[in-house]
Amino acid sequence: MPAANPAPDITVALIGNPNTGKSTLFSALCGVRQRVGNFPGVTVEKKVGQTRFHDQSFSIVDLPGSYSLAPRSPDEMVAVDVLLGRQDAVDTPDVVLCIVDASNLERNLYLVSQVLELGRPTVLALNMLDVAEEKGVTIDAEVLAERLGIRVVQVQANKRIGLAELKAALAEAVGGKAKPLPSPFPEPFQEEVGLLVERGVRPRYMAERLLLDTSGYLDSAKLPGVTDEIRTFLVEARERLSTAGVPIPAVEAMSRYGWVSTVTDGVCRRAADRPASLTDRIDRVLTNRWLGSLFFALVMIVMFQSVFYVAEPASAMIDMMNEFLSNLVMQWLGPGALRSLLINGVIAGVGGVLVFLPQIFVLFLFIAILEDCGYMARAAYLMDRLMSRVGLSGKSFIPLLSSFACAIPGIMAARVIEHPRDRLVTILIAPLMSCSARLPVYTLLIGAFIPDRRYLGILGLKGLTMFAMYAIGIIAATLVALVLRRTIVKGSAPPFVMELPSYKLPGLDIVTYRMFDRGWSFVRRAGTLIFAVTIVVWAAGYYPRNPANIDPALMQAEARLQREITELAATGPSAADELDHRERELAQVQGRISGQYLRHSALGQMGQFIEPAVKPLGWDWRIGCAAIASLPAREVVIATLGVIYNLGEEESESAETLSQTLKKATWEETGQPVFNTPVALSIMVFFALCAQCASTLAVMRRETNSWKWPAFTFVYMTVLAYVGAMATYQIGMQFVTS
Amino acid sequence: MSTLAEATVGQRGQVTNIEGTDDVAIRLLEMGLTPGAEFRLLGVAPLGDPIEIEVRGYRLSLRRTEAARVLVATKD
């Protein structure tokens, strides 16, 4: 019989400024015992972890890092709701744990001032004392605790120092009566708040927030108890206060920082002319006009090179494993639905995801390192001017740059962008950055259909075309961002005001944790979706399957060749040459049979159905079919083209053979060649701009917490791709015929 | 009365007021740029914008349009 749990779970709400080591602390306390979920209706993640201290178990809710509890968006409202016990998704916190950066105490105490006003039991974790020391800052923790009226525990989260004392302090604080601090606000303000409370606005904290809410968010949030009468009262109250010399909303910052000064006076000593800290010296180079830009370019180049050079071998290995498995299946199973399902459905689908995994992990690793060491903020600082020209901010730069390798880490990296509008636009244009999955398409088509000319002796036409494809993505993204900011995602530019945190060595555990956490999250969510979509596309390309539709001559040829091969194989090694010849013939015949089955399948019929729509792009039904089939992942188009143009399963992987086959393909009615340079260009432009990537859409759904945006992205990108491909073909044909 | 946007690199001063009551103004105040706060201009980004200042013991970057809202008195 299990003993009854001696004490109920203590719920702790963990809050603090960004860059205070909050994630490190959460990780140090809870380790892997954490669960990630969703708060309904917002994009903020719900992170709850477990930890123990002697007999006492704690549930720690990790709230997003924030500088202030003044909510100006639904995401920011989550923290307020949790602390007030109004968020159903988590238990009302029994105690609030505020983590502060000792090297930055004044600004950190602003948030603490707001938290203390909530009247909940609170404990302060004073972190990063080593950084403070280096900056020449000393803090008297005991006096600080006295002045704040709460327990202050000195910790170093990255070295796991002070954790036991912290847990003890949390356990002690529960149920205690929080010593009420005198309100920092001037009298007239407090009076007006009192009047609001009398009129039914509860709790007092919300009354304060309403009075200060000049941005209008709380008003639009439709809180209970806020009637039109109250709204009128608020407007009048603000006017009264303004006349009395109490400016709204500035009074909050002035009062709180005034309080902060009295608290830190004598407690926090900063060396008057402190020696330049390591961060200062590093920044002198890294934010410098020339050296800074150079270093930045270097970091970006290293990031990309590692993605390709480090991840390549791993991807190649996974590719080999896929092939190996496919061959195994080919040997064990005879031709039929199951074999086709396994090879073209399961292995292709799952394998297709796995091949990109090394790249994705390397990107996540880099992004985590950049975030943790503090350089991410410098990158945003350097790039802001450029990004604000398109209505974004510097913080969008790294997410968008990462999308050149793969949009999935890029979209997930957009979490660092605080402002919902900026974040949304960044996410919506990320898939336009030509990712590495498009590369095989470009390589194949450029190799086969772009002539080998050179300009000025060095600029090759093929290289230029490749560059043009990337440029098209960037230009499209710029235009789409500008249009979005003027239409659907309208609004004034959010504040850029951004802290540049001290540099620190990235913590190995937090970086690897982030890498695996996000990587695994991708595998789980996107993996299942791609798998499902691949099966569906496979089924559409396999069924309906009626041998009666196949040219009888081909079926007879197949049967004959198979008989001859069995006979020849029985006669022994002397017939090796003949056997080889027959097997190649058989492969060709089977290829053509596959092609015919595909034409009669649902997918093939869809392709033929849309043929009139894709003719203006210079495509025949087979290319249209391949484009539809590439919904799970762009590179599937190559394999599908192979099958459609009768290469059959085994041959379609060889780029050479595929090139040859495409060059010979002709329109059925006229016998004219299908592929020429404008057609190749139109296909490339289509793939540069289209959204044929189920995993990207899946990740987008997760990050925006709705299906609306991935659906919108799919539609706008497909339209863009269609128009772009058509324009390319039509204009291209002018040059060809002239 | 000059603004933070007009300060030169290395200049020190004190904030006297923040213009406006919108999101940008609130954000500037929350980050510590309240009347009386001391600052020092540390640098400017390569493309001329944003600028970087030191205030309340930490480094803050902001765009010139935002800095133009911060009314200051400089010490030279």
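Residues numbered from 1 in each chain as written. Chains lettered and ligands numbered in written order. Predicted model: local features only at pLDDT ≥ 70, side-chain atom pairs only at ≥ 80, totals over all residues.

### Considerations on the overall build of chain B
Piece 1. For chain B, the helix and strand inventory stands at two helices and six strands.
Piece 2. Secondary structure elements of chain B, listed N to C terminal, follow the sequence β-β-α-β-β-β-α-β.
Piece 3. Computed over the C-alpha atoms, the radius of gyration of chain B is 11 Å, within 12% of the 11 Å expected from 2.2 N^0.38 for a compact globule of 76 residues.
Piece 4. Taken along its principal axes, the extent of the C-alpha atoms in chain B is 30 × 25 × 25 Å.
Piece 5. Here chain B holds 76 residues, and 53% of them are scored as buried.
Piece 6. In chain B, 56% of the contacts between residues at least 6 apart in sequence involve partners at least 24 apart. (Helix = DSSP H or I, 4+ residues; strand = E, 2+ residues; numbered from the N terminus. Rg over C-alpha atoms; globule rule 2.2 N^0.38 Å. Buried ≥ 20, exposed ≤ 12 C-beta atoms within 10 Å, placed from the backbone. Contact = placed C-beta atoms within 7 Å.)

### Regarding the domain arrangement of chain A
Piece 1. Per the domain assignment, the segments making up chain A are domain 1 (10-173), domain 2 (187-276) and domain 3 (285-433).
Piece 2. With centres defined by C-alpha atoms, the gap from domain 1 of chain A to domain 3 of chain A works out at 32 Å. (Domains from an automatic or database assignment.)

### Section: the environment of E558 of chain A
All names here are of chain A.
Piece 1. For E558, the position within the fold is in helix α22 (residues 552-571).
Piece 2. With 17 C-beta atoms counted inside 10 Å, the residue E558 sits in the partly exposed group.
Piece 3. In this structure, E558 is in contact with L586, V589, Q590 and I593, ignoring residues within four places of it in sequence.

### Focus: the sheet that holds strand β2 (residues 34-38) of chain A
All names here are of chain A.
Piece 1. Strand order in the open sheet made by the seven strands is β2-β3-β4-β1-β5-β6-β8, with mixed pairing throughout. Of all the strands in the sheet, just β2 and β8 (151-154) have a single pairing partner and so form its edges. Strand-to-strand twist in this sheet, taken as the mean axis angle between neighbours without regard to direction, amounts to 25°.
Piece 2. Where β2 meets strand β3 (residues 45-53), five bridges bridge the pair, whose relative direction is antiparallel. (Pairing = 2+ DSSP bridges. Axes fitted to C-alpha atoms, helices over the stretch in contact; angles between N-to-C directions.)

### Looking at the packing of helix α26 (residues 621-629) of chain A against helix α27 (residues 636-644) of chain A
The angle between the axes and the distance between the axes are what describe a pair of packed helices.
Residues and elements named next belong to chain A.
Piece 1. Interhelical geometry of α26 versus α27 gives an angle of 145° and a closest axis separation of 8 Å. Pair α26 / α27 crosses with right-handed handedness. Residues R622, C625, A626, A627 and A629 of α26 lie in contact with α27, whose contacting residues are V636, V637, T640, L641 and I644. (Left-handed = near helix turned anticlockwise from the far one by under 90°.)

### Digging into the sheet that holds strand β3 (residues 38-44) of chain B
Piece 1. Taken together, the seven strands give an open sheet; going across it, the order is β12(A)-β5(B)-β4(B)-β3(B)-β2(B)-β6(B)-β1(B), and neighbouring strands pair in antiparallel fashion. Of all strands in the sheet, those bounded by a partner on one side alone are β12 (498-500) of chain A together with β1 (2-3) of chain B.
Piece 2. Relative to strand β6 (residues 70-75) of chain B, strand β2 (residues 12-18) of chain B is paired through six bridges, and the arrangement is antiparallel. Across the sheet, R12 of chain B pairs through a bridge with K75 of chain B, a residue of β6 of chain B.

### Examining the environment of P247 of chain A
Residue and element names in this part refer to chain A.
Piece 1. Considering the arrangement of structural elements, one finds P247 in the loop between α10 (228-243) and α11 (250-264).
Piece 2. The exposure class of P247 is partly exposed, given the 18 C-beta atoms found within 10 Å.
Piece 3. For the pair P247 and L111, spaced 136 residues apart in the sequence, the C-alpha separation amounts to 20 Å.

### A short note on the confidence of the model for chain B
Piece 1. When the pLDDT values of chain B are averaged, the result is 91; 97% of them are 70 or greater.
Piece 2. Two numbers describe this predicted complex: its pTM, 0.83, and its ipTM, 0.95. (pLDDT = per-residue confidence, 0-100.)

### Examining the nonpolar core
Piece 1. Of all hydrophobic cores here, the largest spans 229 residues; its most connected members are L97, A125 and M684 of chain A.
Piece 2. In terms of residue count, helix α14 (residues 337-373) of chain A provides more of this core than any other element does, 14 residues in total. (Core = buried A, V, L, I, M, F, W, Y, C linked by C-beta atoms within 7 Å.)

### Focus on the interface of chain A and chain B
Piece 1. Counting residues at the interface gives 33 residues for chain A, matched by 31 residues for chain B.
Piece 2. Of all the elements in the fold, those that place two or more residues in the side of chain A that touches chain B are α3 (105-117), α11, α13 (289-332), α15 (375-388) and β12 of chain A.
Piece 3. It is α15 of chain A that contributes the most residues to the side of chain A that touches chain B, five residues altogether.
Piece 4. A per-class count over the side of chain A that touches chain B returns 18 nonpolar, seven polar and eight charged.
Piece 5. Inspection of the sheet shows β12 of chain A paired to strand β5 (residues 58-62) of chain B by three bridges, in the antiparallel sense. Looking at the pairing, L500 of chain A lines up with R59 of chain B of β5 of chain B. (Nonpolar A, V, L, I, M, F, W, Y, C, P; charged D, E, K, R; others polar.)

### Describing the pairing of strand β5 (residues 95-101) of chain A
Residues and elements named next belong to chain A.
Piece 1. In terms of burial, β5 is largely enclosed, as seven of its seven residues are buried.
Piece 2. Residues V95, L97, I99 and D101 line one face of β5 and the alternating positions V96, C98 and V100 line the opposite face, and both faces are buried.
Piece 3. Examined bridge by bridge, strand β1 (residues 10-16) and β5 share five bridges and lie parallel to one another. Paired with L14 across the bridge in β5 is L97.
Piece 4. Relative to strand β6 (residues 122-127), β5 is paired through six bridges, and the arrangement is parallel. Directly across from V100, in β6, lies its bridge partner L126.
Piece 5. On the question of chirality, the crossover connecting β5 to the parallel β6 by way of α3 is right-handed. (Right-handed = clockwise from strand over helix to strand, strands pointing away.)

### A short note on α27 of chain A
Piece 1. For α27 of chain A, a buried count of eight out of nine residues is recorded, marking the element as mostly surrounded by other parts of the structure.
Piece 2. Turning to α27 of chain A, its buried residues number three or more, namely V636, V637, A639, T640, L641, G642, V643 and I644 of chain A.

### Comments concerning the environment of V523 of chain A
Residue and element names in this part refer to chain A.
Piece 1. Along the chain, V523 turns up in helix α21 (residues 508-542).
Piece 2. With 17 C-beta atoms counted inside 10 Å, the residue V523 sits in the partly exposed group.
Piece 3. For the pair V523 and V350, spaced 173 residues apart in the sequence, the C-alpha separation amounts to 9.9 Å.

### Here's the deal with the pairing of β2 of chain A
Piece 1. Of all five residues making up β2 of chain A, only zero are buried, and the element is barely covered by its neighbours.
Piece 2. Once β2 of chain A ends, the chain turns through six residues before running back antiparallel as β3 of chain A, passing G41 of chain A with a positive phi of about 85°.

### Quick word on unusual backbone geometry
Piece 1. The omega angle of the peptide bond from Y543 of chain A to P544 of chain A is -10°, so this bond is cis rather than trans.
Piece 2. Structurally, the position occupied by P544 of chain A is in the loop between α21 and α22.
Piece 3. The omega torsion across D49 of chain B and P50 of chain B is 0°, close enough to zero to call that bond cis.
Piece 4. As for its placement among the helices and strands, P50 of chain B is situated in the loop between β3 and β4 (51-55).
Piece 5. The backbone phi angle of N19 of chain A is positive, close to 65°, even though this residue is not glycine.
Piece 6. Within the chain, N705 of chain A stands out as a residue other than glycine whose phi angle is a positive 55°.

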